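Fold and geometry: a report
Residues per chain, in single letters:
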Amino acid sequence: MLAQRTNLFGSSGTAAARAAAKAAADAGKEIIDLTAGEIWSDLAPTIREGAIEAINRGVNRYTDTVGMMELREALARKVSLDTGQIWKAEEIAVTSGAKQALFNAAMVLLNPGDEVIIPAPYWTTFPAQVLIAGGTPVFVDTRSNGYVPRFEDIKAAVTDRTRAIVINTPNNPTGAVYDVQTLIGIAELAINRNFWIVFDECYGDFVHGDHRHHLIVSVVRARTLIVNAFSKSLALTGWRIGYLAGPKEVINAVKALQSHTTSNPNVIAQHAVLAHLQGGDGTYESKLRSQLASARQVGLNALSSLTRVPVPKAQGGFYFYLDLSDLLKPASMNGAAVTADEVVNSLLSEAGVAAVSGTVFGDPAGLRLSYGIPPEKLEAGLSRLVDVLNAWE
Ligand code: PLP
């Protein structure tokens, strides 16, 4: 009945985890939901005012397919500031969230059978989109190296069919922030072996401790596509504004593709983001960053009581990523492997805590917990989780 293509993907595993939490809550259970890929926060005033102002002016028409020229210009200024290079509006496409920027990139870059290297654990949409676009995901396991890929491992994964690598730093789900040496190594490899770097920096605003977010584009611009959005940095997931920055030829192809799929991203949301880029003074972003920094601290304090699972590093983003290998191994020896799925089920049924199993990220021993929620809920949820994990049999 359906196209063969539908066998290539299921619905997003993180969305399924969110749905399970909601179903339990709808059934009357008190649930603390640590599955969210978004931040609990008010709207930025500039966003609110920009949207209201556009509505009051009666804005209602299509814009240019890849965004209003004024917005593309403002984004070009932002990318120029971020990278220390000069970027032009024609090198920017505004998309309906980072997800569409990534999808567009996959669709315009990949031929059937082209390989795309994806460090694992990975955000679940990366391989799904590669498959939909006819490509083949090639995973590089990062688990034994603090979730940062080793240069040798990436080098070994490159073949004549390698067309791209997806780099996501700070990383979802692991929270790892890639060091500059690793990024330079990947950039040089991309130049020598002639493949693209799809650089997803959606969590670039959230780096913690001594870590720094490094931009690979400073090394290898001609081979890089920057993917970013306001979904995380302005807590604006539902508004759907993201962008792709890269060589003009790629942006033109994306424009043609988008003209046959979604056309322009929502016009009111475009005006709101433009108003923010023009009038925002960084106060809102700082507030969000310090909210997350303190939530991270609250969470790390709670997790420090874990006795059988290492406390996560949580270098960037807003996720704690637990490695449950030592916890699960003894149980797995007596029969079928026990995975984080079972831990997730127990957490939901015994403790009313919803989390995302690493199986959806290609890591059956991982557990992702979001700390973008109110601190009192976070503390209560993690304390229940610690009890379950410490008593795990
Ligand atoms: N890239 C990464 C690594 C993400 O984690 C997400 C969302 O969770 C996205 C892209 C998609 O963001 P958007 O909501 O802007 O489409």
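Scope of this entry: the structure provided in the associated data block. (Residues numbered from 1 in each chain as written. Predicted model: local features only at pLDDT ≥ 70, side-chain atom pairs only at ≥ 80, totals over all residues. Heavy atoms only, no water.)

Section: the overall build of the chain
- Counting its regular elements, the chain contains 15 helices and 12 strands.
- What you see for the chain is a C-alpha radius of gyration of 21 Å, in line with the 21 Å of a compact globule of 393 residues.
- Considering only C-alpha atoms, the chain reaches an extent of 60 × 55 × 50 Å along its principal axes.
- Buried positions account for 55% of the 393 residues belonging to the chain. (Helix = DSSP H or I, 4+ residues; strand = E, 2+ residues; numbered from the N terminus. Rg over C-alpha atoms; globule rule 2.2 N^0.38 Å. Buried < 20%, exposed > 50% of the residue type's maximum accessible area, 1.4 Å probe, protein only.)

Focus: helix H7 (residues 180–193)
- Taking 1.5 Å of rise per residue, 14 residues should cover 20 Å, and H7 covers 20 Å from first to last C-alpha, within 8% of that figure.
- Along H7, the residues classified as buried are Thr-182, Leu-183, Gly-185, Ile-186, Ala-187, Leu-189 and Ala-190.
- Trailing H7 by a residue or two, Asn-194 shows a phi angle of about 60°, which is positive. (Expected span 1.5 Å × (residues − 1).)

A short note on the environment of Ala-133
- Relative to the helices and strands, Ala-133 is located in the loop between helix H5 (125–132) and strand S4 (136–141).
- Overall, Ala-133 belongs to the buried group, its relative accessible area being 14%.
- Sequence-wise, Ala-133 and Leu-274 are 141 residues apart; in three dimensions their C-alpha atoms are separated by 31 Å.
- With residues near it in sequence (within four places) discarded, Ala-133 still touches Ala-106, Met-107 and Leu-110. (Contact = heavy atoms within 4.5 Å.)

Brief notes about the pairing of strand S6 (residues 196–200)
- Counting buried positions along S6 yields 5 of 5 residues, so the element is predominantly enclosed.
- Alternating positions in S6 separate into two faces, Trp-196, Val-198 and Asp-200 on one and Ile-197 and Phe-199 on the other, with burial throughout.
- Examined bridge by bridge, strand S5 (residues 162–168) and S6 share 5 bridges and lie parallel to one another. The residue of S6 that forms the bridge with Ile-167 is Phe-199.
- After leaving S5, the chain enters H7 and then returns to the sheet as S6, a path that is right-handed.
- As paired strands, S6 and strand S7 (residues 224–229) are joined by 4 bridges and run parallel to one another. Each residue of the ladder has a partner; that of Ile-197, found in S7, is Thr-224. (Pairing = 2+ DSSP bridges. Right-handed = clockwise from strand over helix to strand, strands pointing away.)

Thoughts on the environment of Ala-269
- You can see Ala-269 is positioned in helix H11 (residues 267–279).
- For Ala-269, a relative accessible area of 3% translates into the label buried.
- Excluding its chain neighbours within four sequence positions, the residues that come into contact with Ala-269 are Trp-239 and Ile-241.

Topic: the site of the ligand
- Taken together, 14 residues lie near the ligand, and Asn-172, Asp-200, Tyr-203, Ser-231 and Lys-232 sit nearest.
- Measuring from an oxygen atom of the ligand, one finds a side-chain N or O atom of Tyr-203 at 2.7 Å.
- For the ligand, the accessible surface in isolation is 400 Å², of which the surrounding protein chains cover 93%.
- Those elements giving two or more residues to the shell around the ligand turn out to be helix H4 (97–109) and helix H9 (230–233).
- Per-element tally for the shell around the ligand: the top contributor is H4, with 4 residues.
- The residue makeup of the shell around the ligand, split by class, is 6 nonpolar, 4 polar and 4 charged. (Near = heavy atom within 4 Å. Polar contact = N/O pair within 3.5 Å; in protein donor to acceptor, adjacent residues only side chain to side chain. Areas by Shrake-Rupley, 256 points an atom, 1.4 Å probe, with all protein chains shown as cover. Nonpolar A, V, L, I, M, F, W, Y, C, P; charged D, E, K, R; others polar.)

Any link to function would need more than the numbers given here.
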